[in-house]
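Summary of structural features
For reference, the chains in residue letters:
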Amino acid sequence: MMPSPFRHLLSLSARFALGMLLSAPLALPVAATSIDYVPVGNPGNAPDQYYGPAQFGNVAYHYGIGKYEVTNSQYVEFLNAVDPTGANQLQLYDPFMTSDPQGSNGGINYLPGNSNGTKFAAILGRGDKPVVWVSWYDAVRFANWMHNGQGAGDTETGSYTLLGGTANPTNGLSVVRNPGATWVLPNENEWYKSAYYEPAATGGDVDDYWLYPTRSNSDPYSDQPPGSQAPTTSNTANFFRDDGQVNGYNDGFAVTGAVGYSTAQNYLTDRGAYASAVGPWGTFDQGGNVSEWNETLIGNVRFIRGGSFQNFAFTLSAPDRGPTGDPFLSPNGGLGFRLALVPEPSTVVLAAFGIVGLATASALARWNSASRAVHYESRIRFAGSISQDNVPR
Ligand SMILES: [Ca+2]
Ligand SMILES: [Ca+2]
Ligand SMILES: [Ca+2]
Ligand SMILES: [Ca+2]
């Protein structure tokens, strides 16, 4: 198989709670699944001016971006929580996650004989690999579940509203991030900024944007993780590159170091396996491994970014963007997602709760930069405006 037909996930010790309040805060949900994320600062940055007519990367607010792609283990927790009987009403589980005719990248088993709440399990050795065969709807439902405090949290409301109660909601083209959303699928600008933006003044490229998510303008090297056979270990990723030389790197698929494709081979790497290949804000694998769903709707499609194990270097780069073959339901063995966390409050939120002009409450972030483990907690503010000043740059 040629590396082009396919184109184009959270242990952070993060506890999140959203408190809406008037006179008293609500009970705060405690999350069980932890999602690692990193803060992205420099709000109000200019977009990338260099590549193509579309200019991306400007984000006006502080946010968090998943440090890793969402993994099979995390998705298994989601499945067992929201579908304890395995009824699969919303088709959150795809049998191809277990076995598909095109390859062996799936990492989840369905075990109907198990007791309720334990019917899904990560395949041995694949728990830390990114979940694949996920649709755009699977991704935003996972975000909703996180937003709603996990557990029995709803998948159809929260950060996004999905109507109809079916796998393919009736309002697919009009699904947008709701006011007050917290855990979300990153939109294209959020994804782009975390992948490529690093101010020149703090060590970034001269125009503040790198070409690749590995803080580099040079094509990354394809090598088995952690990339120690490549000339520049910090600029390695899981993607397809073949230089025709027997030199230990750029030998085809990164995992096998060979150009031949085997349907029996799992070509994905554990999250963060390229330990030296860190993005400008601390993310891993934004380039390669699996391509990643974006929230942004372009025309009638949701776009994806970052390239996968079977794509060429260009697909990992800033100017490359594109849809999958199907607007939403085009999962494959090289497509996954990561989440973002948007603490930025909106006045719309306040309006939605009818508390404009009254005491306000909002979820705000307290970034624990010392440990990089970022804890979210509810902050109650009685001032009229919400400040993000507690977020370090
Ligand atoms: Ca640049
Ligand atoms: Ca190698
Ligand atoms: Ca080579
Ligand atoms: Ca990726």
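Since we're looking at a predicted model, the values are computed, not measured.

Let us look at the overall build of the chain. When helices and strands are counted, the chain shows 4 helices and 16 strands. A burial count over the chain gives 50% of its 393 residues as buried.

With mixed pairing, the 4 strands of this open sheet are ordered in space as β12-β11-β10-β13. Edge positions in the sheet fall to β12 (322–323) and β13 (335–336), since each has one partner strand and no second. As judged from the 4 bridges shared by strand β10 (residues 291–298) and strand β11 (residues 301–305), these two strands associate in the antiparallel manner. Residue pairing for β11: Trp293 is matched across the bridge by Ile304. Across the sheet, helix α3 (residues 188–196) touches β10 and β11, and the angle it forms with β10 is around 140°.

Geometrically, the link from Pro225 to Pro226 is a cis peptide bond, its omega value of 10° lying close to zero. For Pro226, the position within the fold is in the loop between β6 (221–222) and β7 (236–237). One non-glycine residue, Gln91, lies in positive phi territory at about 50°. On the basis of neighbour counts, which here come to 16 C-beta atoms within 10 Å, the residue Gln91 falls in the partly exposed class.

With that out of the way, let us pick up the nonpolar core. In this structure, Ala139, Ala143 and Leu339 are the most contacted members of the largest nonpolar core, which totals 75 residues. The element best represented in this core is helix α2 (residues 136–147), accounting for 8 residues. Contacts of Ala139, omitting those with residues within four sequence positions, involve Val134, Leu185, Trp293 and Phe337.

Here the focus is the environment of Asn266. By the element assignment, Asn266 lies in the loop between β9 (251–252) and β10. On the neighbour-count criterion, Asn266 (19 C-beta atoms within 10 Å) is partly exposed. Along the primary structure Asn266 and Lys129 are separated by 137 residues, whereas in three dimensions their C-alpha atoms are 9.8 Å apart. Leave out the neighbours within four places in its chain, and Asn266 touches Ser104, Asn105 and Arg126.

With that out of the way, let us pick up the pairing of strand β1 (residues 37–40). The alternating pattern of β1 places Tyr37 and Pro39 on one face and Val38 and Val40 on the opposite face, and all of these are buried. By the bridge criterion, 4 bridges tie β1 to strand β2 (residues 63–66) in an arrangement that is antiparallel. Bridge pairing in β2 links Val38 to Ile65.

Let's shift gears to α3. Counting buried residues in α3 gives 9 out of 9 residues, a clear majority hidden from the surface. Among all positions of α3, only Glu188, Asn189, Glu190, Trp191, Tyr192, Lys193, Ser194, Ala195 and Tyr196 are buried. Where α3 is buried, its residues touch β1, β2, β10, β11 and β14 (340–341).

Turning our eyes to something else, we now look at the pairing of β2. Burial of the side chains of β2 extends over both faces: Tyr63 and Ile65 are buried on one face and Gly64 and Gly66 on the other. Across 2 bridges, β2 lies against β14 in antiparallel orientation. Within the sheet, the bridge partner assigned to Gly64 lies in β14 and is Leu341.

Since the α-helix packs 3.6 residues into each turn, any two residues three or four apart lie on the same face. The end-to-end C-alpha distance of α2 is 17 Å, a good match for the 16 Å that 12 residues give at a rise of 1.5 Å each. Most of α2 is tucked away, with 12 of its 12 residues classed as buried. All buried positions along α2 are accounted for by Trp136, Tyr137, Asp138, Ala139, Val140, Arg141, Phe142, Ala143, Asn144, Trp145, Met146 and His147. Where α2 is buried, its residues meet α1 (72–82), β5 (183–184), β10 and β11. One or two residues past the end of α2 sits Gly149, with phi positive at roughly 85°.

Quick look at the confidence of the model for the chain now. Close reading of the predicted structure is inappropriate where its pLDDT is low. Averaged over every residue, the pLDDT of the chain is 81; residues scoring 70 or more account for 77%. In the model, residues 1–31 has pLDDT below 50 throughout and makes 104 contacts with residues more than four positions away in sequence or in other chains.

Conventions adopted
Residues numbered from 1 in each chain as written. Chains lettered and ligands numbered in written order. Predicted model: local features only at pLDDT ≥ 70, side-chain atom pairs only at ≥ 80, totals over all residues. Helix = DSSP H or I, 4+ residues; strand = E, 2+ residues; numbered from the N terminus. Buried ≥ 20, exposed ≤ 12 C-beta atoms within 10 Å, placed from the backbone. Pairing = 2+ DSSP bridges. Contact = placed C-beta atoms within 7 Å. Axes fitted to C-alpha atoms, helices over the stretch in contact; angles between N-to-C directions. Core = buried A, V, L, I, M, F, W, Y, C linked by C-beta atoms within 7 Å. Expected span 1.5 Å × (residues − 1). pLDDT = per-residue confidence, 0-100.

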